[in-house]
Amino acid sequence: MFVLLLILIAVLFGFGFLDPIWWVAAAVLVYAATRRSRDRGGGRSRSGSSDLGDYRDYQERRNRQERWDRRYSRQNRVRWRREDRREREHRR
């Protein structure tokens, strides 16, 4: 896929000597490819997977879980305490 992208960019650049609009097309293609690479988490590690992308996924999941915990612990704190008291009294 990457090789085909490089060939396409080279061909568009070559056509740019005939009509400058092809240089614009090549520039847009380069921009889109680099933007997509950045969105996926940057370059590749030695193992072939993106560690930065994996870390961002982990951060997103962790942040989502923290928001969930904060939201529901605030709203239901009193109910949970009441249920805990009932369970403790029931165990006695």
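Reading guide: rules and limits
Residues numbered from 1 in each chain as written. Predicted model: local features only at pLDDT ≥ 70, side-chain atom pairs only at ≥ 80, totals over all residues. Heavy atoms only, no water. pLDDT = per-residue confidence, 0-100. Helix = DSSP H or I, 4+ residues; strand = E, 2+ residues; numbered from the N terminus. Patch = residues over 30% accessible without salt bridge, like charges linked within 9 Å, V, L, I, M, F, W, Y side chains within 5 Å. Areas by Shrake-Rupley, 256 points an atom, 1.4 Å probe, with all protein chains shown as cover. Salt bridge = Lys/Arg side-chain N within 4 Å of Asp/Glu carboxyl O. Buried < 20%, exposed > 50% of the residue type's maximum accessible area, 1.4 Å probe, protein only. Phe/Tyr/Trp six-rings, centres within 6.5 Å; stacked < 30°, edge-to-face > 60°.

**Structural notes on the confidence of the model for the chain**
So, point 1. With 84% of its residues at a pLDDT of 70 or more, the chain has an overall mean of 80.
So, point 2. Ranking the elements of the chain by mean pLDDT puts helix α3 (residues 51-91) last, at 82, and helix α1 (residues 2-15) first, at 88.

**Points about a nonpolar patch on the surface**
So, point 1. A cluster of nonpolar side chains, namely Val3, Leu4, Ile7, Val11, Phe15, Leu18, Ile21, Trp22, Val24 and Val28, defines an oily patch on the protein surface of about 1000 Å² accessible area.
So, point 2. With five residues, α1 is the single largest residue contributor to the nonpolar patch.
So, point 3. Here leucine 4 shows up in helix α1.
So, point 4. Looking at leucine 4, the relative accessible area reads 59%, which means it is exposed.

**Describing the packing of aromatic side chains**
The description of two aromatic rings rests on the distance between their centres and on the angle between their planes.
So, point 1. Going through the model one piece at a time under the given rule, you end up with five aromatic pairs.
So, point 2. A ring pair is formed by phenylalanine 13 and phenylalanine 17, whose centres lie 5.7 Å apart and whose planes are at 85 degrees; its orientation type is edge-to-face.
So, point 3. On the basis of relative accessibility, which here comes to 47%, the residue phenylalanine 13 falls in the partly exposed class.
So, point 4. Aromatic side chains phenylalanine 17 and tryptophan 23 sit 5.3 Å apart centroid to centroid with 80 degrees between the ring planes, which places their arrangement in the edge-to-face category.
So, point 5. These aromatic residues form a ring-pair network of at least three members: Phe13, Phe17 and Trp23.

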